[in-house]
Amino acid sequence: MTDDPFVTHRGLLFTVAYEMLGSAADAEDVVQETWLRWADAEREKVREPRAYLVRIVTRQALNRLRTVARRREEYVGEWLPEPLLTGPDVAEDVELAESVSLAMLTVLETLRPTERAVFVLREVFDVPYAEIAVAVGRTPTAVRQIAHRAREHVAARRPRSRVDRAEREAVVERFMAAVREGDLRGLLDVLAPDVVVVADGGGIARAARRPIEGAHRVAPLLAGLAEREPGLEMTPILLNGEPGMRLVLWGELIAVAGVVIEEGRITRVHAVRNPEKLTRVGEEVALRR
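These lines cover the structure that appears in this document, whether it is placed above or below. (Residues numbered from 1 in each chain as written. Predicted model: local features only at pLDDT ≥ 70, side-chain atom pairs only at ≥ 80, totals over all residues. Heavy atoms only, no water.)

### A word on the sheet that holds strand S5 (residues 252-262)
Threshold: Strand pairing follows a simple DSSP-based rule, namely that at least 2 bridges must link the two strands. Starting at the N terminus, helices and strands are each numbered in turn, a helix being any DSSP run of H or I of at least four residues and a strand any DSSP run of E of at least two. Contact definition: two residues touch when any of their heavy atoms are within 4.5 Å. For helices, the fitted line uses only the C-alpha atoms of the stretch in contact; every axis is such a line through C-alpha atoms, and the angle between N-to-C directions lies from 0 to 180 degrees.
In space, the six strands of this open sheet follow the order S2-S1-S6-S5-S4-S3, with mixed pairing throughout. Strand pairing shows two members of the sheet lacking a second neighbour, strand S2 (212-213) and strand S3 (232-239), which therefore form its edges. Where strand S1 (residues 191-200) lies against strand S6 (residues 265-272), six bridges are found, and the strand directions are parallel. In the strand pairing of S6, alanine 199 is matched with alanine 271. Each of S1, S3, strand S4 (242-249), S5 and S6 touches helix H11 (residues 165-181); the most contacted strand, S4, lies at about 25° to it.

### Notes on empty space enclosed by the protein
Worth spelling out the cut-off: Put simply, the grid is 1 Å and covers the protein atoms alone, a cavity is a trapped set of points that fit a 1.4 Å probe, a pocket is an open set with protein on both sides within 12 Å along at least five of seven lines, and lining residues have an atom within 4 Å of a point. Grid points are joined across faces, edges and corners, and a volume is the space filled by probe spheres set on the points. In this count, Pro and Cys sit with the nonpolar residues alongside Ala, Val, Leu, Ile, Met, Phe, Trp and Tyr, while Asp, Glu, Lys and Arg are called charged and the others, Gly among them, polar.
Tallied over the full model, the rule gives two cavities of 30 Å³ or more. Roughly 50 Å³ of volume is contained in the second largest cavity. Taken together, Ala51, Val54, Arg55, Leu121, Val127, Glu131, Ile132 and Ala135 make up the full set of residues lining the second largest cavity. For the lining of the second largest cavity, the secondary-structure elements that each account for two or more residues are helix H4 (49-73) and helix H9 (129-136). For the lining of the second largest cavity, the class distribution of residues is six nonpolar, no polar and two charged.

### Thoughts on the side chain of serine 101
Here is the rule: Pairs of N or O atoms within 3.5 Å make up the polar contacts considered here, provided that, within protein, one atom can donate a hydrogen while the other can accept it, and that residues adjacent in sequence are counted only when both atoms are side-chain atoms.
Mapping serine 101 onto the fold places it in the loop between helix H6 (94-100) and helix H7 (102-108). At a separation of 2.9 Å, a polar atom in the side chain of serine 101 contacts the main-chain carbonyl oxygen of glutamate 98. If sequence neighbours within four positions are ignored, serine 101 has contacts with Asn240 and Glu242.

### Concerning the layout of surface pockets
Empty space among the atoms becomes visible once a probe the size of a water molecule is rolled across them. By volume, the largest pocket amounts to about 650 Å³. Around the largest pocket sit 25 residues that line it, and Leu221, Leu222, Leu225, Arg228 and Arg273 are the ones nearest its centre. Breaking the lining of the largest pocket down by element, the ones donating at least two residues are H11, S1, helix H13 (215-223), helix H14 (225-228), S3, S4, S5 and S6. When grouped by side-chain class, the residues that make up the lining of the largest pocket number 21 nonpolar, no polar and four charged. Empty space within the second largest pocket amounts to approximately 350 Å³. The wall of the second largest pocket is formed by 15 residues, among which Arg157, Arg158, Pro159, Glu262 and Arg268 lie closest to the centre. Those elements that place two or more of their residues in the lining of the second largest pocket are H7, S1, S5 and S6.

### Brief notes about the packing of aromatic side chains
This is how the line gets drawn: Two aromatic rings from Phe, Tyr or Trp, using only the six-membered ring of Trp, form a pair when their centres are within 6.5 Å; if the ring planes differ by under 30 degrees the pair is stacked, by over 60 it is edge-to-face, and anything between is tilted. The cut-offs for exposure are 20% and 50% of the maximum accessible area for each residue type, with area from a 1.4 Å probe on protein chains only; residues under the lower value are buried, those over the upper are exposed, and the others partly exposed. Lysine and arginine charges are scored as sitting over a ring when NZ or CZ, respectively, is within 6 Å of the ring centre and within 35 degrees of the ring normal.
Here the structure, examined in full by the defined rule, presents three aromatic pairs. When the ring of phenylalanine 6 is compared with that of tryptophan 35, the centres are 5.3 Å apart and the planes differ by 50°; the resulting orientation is tilted. With a gap of 29 residues between them, phenylalanine 6 in helix H1 (residues 5-8) and tryptophan 35 in helix H3 (residues 24-40) connect regions that are remote in the sequence. Look at phenylalanine 6 and you get buried, because its relative accessible area is 7%. Taking the relative accessible area as the measure of exposure, tryptophan 35 reaches 28% and is therefore partly exposed. Ring centres of phenylalanine 14 and tyrosine 18 lie 6.0 Å apart, and the angle between their planes is 5°; this geometry places the pair in the stacked category. Of this pair, phenylalanine 14 and tyrosine 18 both sit in helix H2 (residues 10-21), four residues apart, roughly one helical turn. In terms of burial, phenylalanine 14 and tyrosine 18 fall into one category: buried. Above the ring of tyrosine 129, the side-chain terminus of arginine 122 is found at 4.2 Å from the ring centroid.

### Overview of unusual backbone geometry
One non-glycine residue, asparagine 240, adopts positive backbone phi at about 55°. Here asparagine 240 is to be found in the loop between S3 and S4. With a phi close to 50°, tryptophan 250 is a non-glycine residue in the positive phi region. Of note, tryptophan 250 is situated in the loop between S4 and S5.

And the structure:
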């Protein structure tokens, strides 16, 4: 056991950085940079270590977010957040699970860096406006305005309805069974008519470079997957706090996928195939608020 505040709050710091960046690798770098600054701090003068550490990690994440913007603009094909394998504790925290879901992280990508920082700190971690203002270098009044704009932006793009975890797991099981059996009718039943599949191969793994839209296109493609890849195995996992699936071909992990479910049907599939983003899916990550 240790009473070092950095160790105590490390899970929180990683979660803040990850939600701001959508990349576990970048989040880990930011947490390490935060540790270096914490190590050099005059700790006897720090009255609230948690707030101090969150402020540092936010500033470092903002710096990193601005530097990776060009890298993402040049990314080959669709860019999706780096997925994480999470445990039941994350899934049971409904607000945390929603905030780290692939669907939400994808929405957060559409915010400007400062808007994203303000939204994450206020809406997910309930940080006071005054503390956020110090972290992002704005006035409390400006932060309130930014928070309002960010909330409206996210509300217009987030899934329209929530279903409980058991129902989502059941939908994922139906989806996987239909893919395994090549059941076109079953896929059409579980997919929303306007379903969208987004695949991230990063120019490394084979993946559609543009979203595939509509059940009339998606269902036949998935119905033939098992026949094209006879060694394919699909298993359910908790991905970013939400029911998802792992795809293994002849013993090798080739993809993970998360889904958005509305009114009992899948409206969106986020499939990550870039092997550089799959390195952490084999080990459960503890996220904290």
